[in-house]
Amino acid sequence: MRDTLRWAYALNQWNVRLDVFVRHEDQQRALKTVSACGFDTIELASGTGRWDNISRPEVILTNHGSHAGFLDFLRRARVQGVSSMFWDPQAPAEEEEGYAFRSTADPDDADAIVEWSRPFVDFVAGVGAEQLVVRPVGSAWMTPPLDADGIKRVGDVWNRVGELTSAAGIGLAVHYDCLGAVHTEAELTGLLDATDPARVGFALDTAELTVGGIDPVAFYRAHADRVAHVHLKDTRHADTGEEYRMPGAESTMLKGGAGRRIERWFFELGTEGGLVDVPGFVAALREHDYPGWVVVESDHGGNPAELAMLNSWYLQHELGIAK
Amino acid sequence: MTAPERAIKWSYMDHWRSNGPSGPVDQWHSRKTMSAFLKQVKAVGFDAIDTFDFRIWQMYGDYGGPAKYQEMVQDHGLERIVNTFHAADYDVRNYAPHVPETHEAVFEDFRVTMGRWSEIRLDNIIVMPATLFYDMEPITEDKLKYSAECWNKVGEITAGFGVKLTCHHEFFCGIQSEPDIETFYSYTDPRYVNLFVDTAQHCIAGLDPVALYDRHAHRVSGFHFKDTRHVATGDDHRHRPDSEIMAPTTGKWFYEMGTDQGLVDFEAMMRAVRDNGYRGWISVEHDKANKEGGDYSESTAISRWYAKNVLEEIYR
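Here is a short report on the structure shown in this document. The residue numbers shown here count from 1 along each chain, following its written sequence. Written order determines the labels here, with chains lettered from A and ligands numbered from 1. Local features are withheld for residues below a pLDDT of 70 in this predicted model, meaning they are given only at 70 or higher, and side-chain atom pairs are given and counted only at 80 or more; totals for whole chains, interfaces and linings count all residues. The basis for the side-chain values is all heavy atoms of the structure; hydrogens and waters are excluded.

1. Some points on the pattern of salt bridges
Residues and elements named next belong to chain A. Stated formally: A carboxyl oxygen of Asp or Glu within 4 Å of a side-chain nitrogen of Lys or Arg is what we treat as a salt bridge. Whether a residue is buried, partly exposed or exposed follows from its accessible area with a 1.4 Å probe, protein chains only, as a fraction of its type maximum: under 20%, in between, or over 50%, in that order. Strands here are runs of E lasting at least two residues and helices are runs of H or I lasting at least four, both read from the DSSP assignment and numbered beginning at the N terminus.
Applying the stated criterion across every chain, the model contains 48 salt bridges over all chains. Among the salt bridges present, the one from Arg17 reaches Asp19, with a minimum N-O distance of 2.6 Å. Given a relative accessible area of 46%, Arg17 falls into the partly exposed group. In this structure, Asp299 engages Lys233 in a salt bridge whose closest nitrogen and oxygen atoms are separated by 3.2 Å. On the criterion of sequence distance, the pair formed by Asp299 in the loop between β10 (293–296) and α11 (304–318) and Lys233 in the loop between β7 (227–232) and β8 (234–235) is long-range, its members being 66 residues apart. Taken individually, Asp299 and Lys233 each receive the classification buried, so the pair is uniform in this respect.

Structure representation (structure tokens):
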């Protein structure tokens with residue numbers, strides 16, 4: 001996209017389970033699709049195990065030999081680089097203590113989580129990406145309620161990781177998601193207050209905030225100085241019934257297993273009935289000369305190629321961005 | 001500063017399938033699915049679409065006619081409808097180019113058809129110039145001559161509407177071998193009968209599409225750029241209703257250009273397009289892309305990626 005804003009596309013929707021997005025030619029098809037849609041930069045998401053050869057840093061390097069080798073692989077499809085990588089330390093990884101569950105809310109886990117971040121910090125820096133984007137805390141239904149001290153403990157973990165990212169010359173951005181234990185606007189603001197603005201930024205996801213009951217445009221305007229990264233997608237639903245508190249909310253809420261049984265929460269830009277004011281949000285980014293990446297996602301939305309193409313059309317024809 | 005005019009523009013031939021709430025559908029399922037189709041085609045950089053003749057009923061029923069449907073196409077950023085494919089259901093009893101007694105029915109069909117399309121500008125009306133192979137065999141010089149005479153007259157009719165008549169040689173039609181194609185064109189009038197080169201169909205029939213194009217470049221009025229991994233063998237070209245679907249050797253004949261193990265040399269094809277001074281539209285096609293796990297959206301994006309990053313480096 002030829003624009004003053006920098007646009008990237010997230011590959012997460014292609015990699016929906018560990019063994020479906022492994023062959024290099026399949027990855028090349030996704031990369032070419034993204035490229036044809038006008039995006040020359042991608043965001044990666046963390047994974048685990050030998051199948052996740054586009055998700056787990058050590059496995060990527062095993063597959064491609066080096067950071068440069070991986071970049072060469074991307075450039076075969078005319079994708080020039082990586083904007084960012086998403087990492088959730090609460091998601092158990094084979095590489096870290098054999099699928100141990102750890103949480104930033106538990107002070108006993110802090111040292112391990114900081115240590116676990118190192119491969120991601122090294123990889124993000126090695127491929128010339130700009131942001132390590134992290135899930136700051138686990139799901140609310142799995143986490144005891146967080147008071148101010150609890151949020152401070154979470155923030156302290158990310159301050160320590162922020163020291164590593166700063167030393168590596170990259171940014172760290174904590175990402176809000178609609179299931180997280182940091183859920184309300186007050187809690188989210190508390191987390192930002194508990195982190196060092198020099199080392200920890202905010203990854204604003206327009207749909208996740210909207211589902212969580214927070215207006216992304218207003219939140220951005222209030223915290224523009226902290227927003228270091230953006231995920232742009234739409235939703236048709238807000239979680240008006242506190243479904244995020246249901247046990248197993250990843251399935252019961254986000255896959256329609258219970259509650260209002262909504263099977264799909266996230267949608268392409270321009271979707272009918274979308275709740276996100278996408279033009280208003282992008283205009284706000286421009287007003288503030290937002291310097292970071294805007295990563296478009298087709299997260300849990302449907303056919304990944306179709307959604308990338310629909311998102312591209314929206315950027316070109318509704319927002320007037322030249323490809 | 002305006003961009004220099006391109007010699008080549010890219011059109012998308014409208015085969016499509018997607019999965020919706022009611023199961024697999026094509027883009028004509030609803031205005032919503034049509035809009036999603038047009039957005040995707042435009043998003044990756046196609047300039048226009050081609051369509052099928054038989055869609056005209058949905059254009060009238062759902063959109064108010066070809067002009068109204070084309071307005072919708074244009075509302076999505078695409079230039080227009082460039083070509084239509086006249087998919088006739090040939091029948092040797094009453095509609096067969098090699099059977100002179102049926103020609104008047106063919107002519108009347110085109111008089112009516114061209115009238116229906118006359119509210120928009122088309123470049124080509126594309127036809128398969130023969131019946132199914134086994135409805136025409138043995139292929140004789142007389143049958144090729146009768147077929148040529150039929151299309152000469154049809155071409156005169158379409159020219160009266162400002163549209164070129166152009167022939168697309170499916171590998172399973174009666175005029176698909178190199179000598180038969182050459183004989184057929186030797187009897188046709190170059191003012192009225194053009195060649196539409198489908199790269200995959202000719203490859204499947206065992207022809208080199210680049211060489212065929214070079215021989216007939218002066219009367220080539222368009223292309224379907226698509227790939228294949230297979231050449232027809234044995235009786236592959238003798239299956240009803242058509243061998244693209246029913247040939248026992250091959251479940252999927254067509255792939256998007258740029259596919260691994262593709263038989264079409266697209267770079268040579270594009271050099272030939274350049275060297276012959278062709279200017280105008282190239283249509284991209286990958287019919288039945290969804291077979292065997294394929295996906296139309298992805299194939300469309302990848303084919304456009306290939307056009308932009310490989311073919312436009314040769315000629316644009």
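From this point, the narrative continues.
2. Side note on the interface of chain A and chain B
For clarity, the cut-off: Contacts are assigned to residue pairs with any non-hydrogen atoms lying within 4.5 Å of each other. Note on terms: buried area is the combined drop in 1.4 Å-probe accessible area of two parts once they are placed together, counting the loss on both. Residues adjacent in sequence count toward polar contacts only when both atoms are side-chain atoms; beyond that, a polar contact is any pair of N or O atoms within 3.5 Å, and within protein one must be able to donate a hydrogen and the other to accept it.
If you look at the interface, chain A gives 22 residues, while chain B gives 22 residues. Taken together, both faces of the contact between chain A and chain B bury some 1900 Å²; the carbon and sulfur share is 58%. On the chain A side of the interface with chain B, the three residues burying the most area are Arg29, Met309 and Trp313 of chain A, jointly 35% of the side's total. Here chain A is connected to chain B by two salt bridges. The closest approach of N and O atoms between Arg29 of chain A and Glu298 of chain B, which form a salt bridge, is 2.8 Å. Where chain A meets chain B, there are nine residue pairs in polar contact (both at pLDDT 80 or more). Looking at the side of chain A that touches chain B, the elements with two or more residues in it are α1 (24–36) and α11 of chain A. With eight residues, the single largest contributor to the side of chain A that touches chain B is α11 of chain A.

3. Focus on the pairing of strand β6 (residues 124–127) of chain B
Residue and element names in this part refer to chain B. How we decide: Between any two strands, pairing holds if DSSP finds at least two bridges. We call a crossover right-handed when, viewed with both strands directed away from the observer, the connection leading from the first strand over the helix to the second proceeds clockwise.
Side-chain alternation along β6 places Asn124 and Ile126 on one buried face and Ile125 and Val127 on a second face that is also buried. Pairing geometry for strand β5 (residues 81–86) and β6, over four bridges, is parallel. For Asn83, the partnering residue across the bridge sits in β6 and is Asn124. Once the chain exits β5 it traverses helix α4 (residues 103–117) before rejoining the sheet at β6, and the crossover so formed is right-handed. When β6 meets strand β7 (residues 164–167), the two strands line up parallel, connected through four bridges. Bridging from a neighbouring strand, Asn124 pairs with Lys164 of β7.

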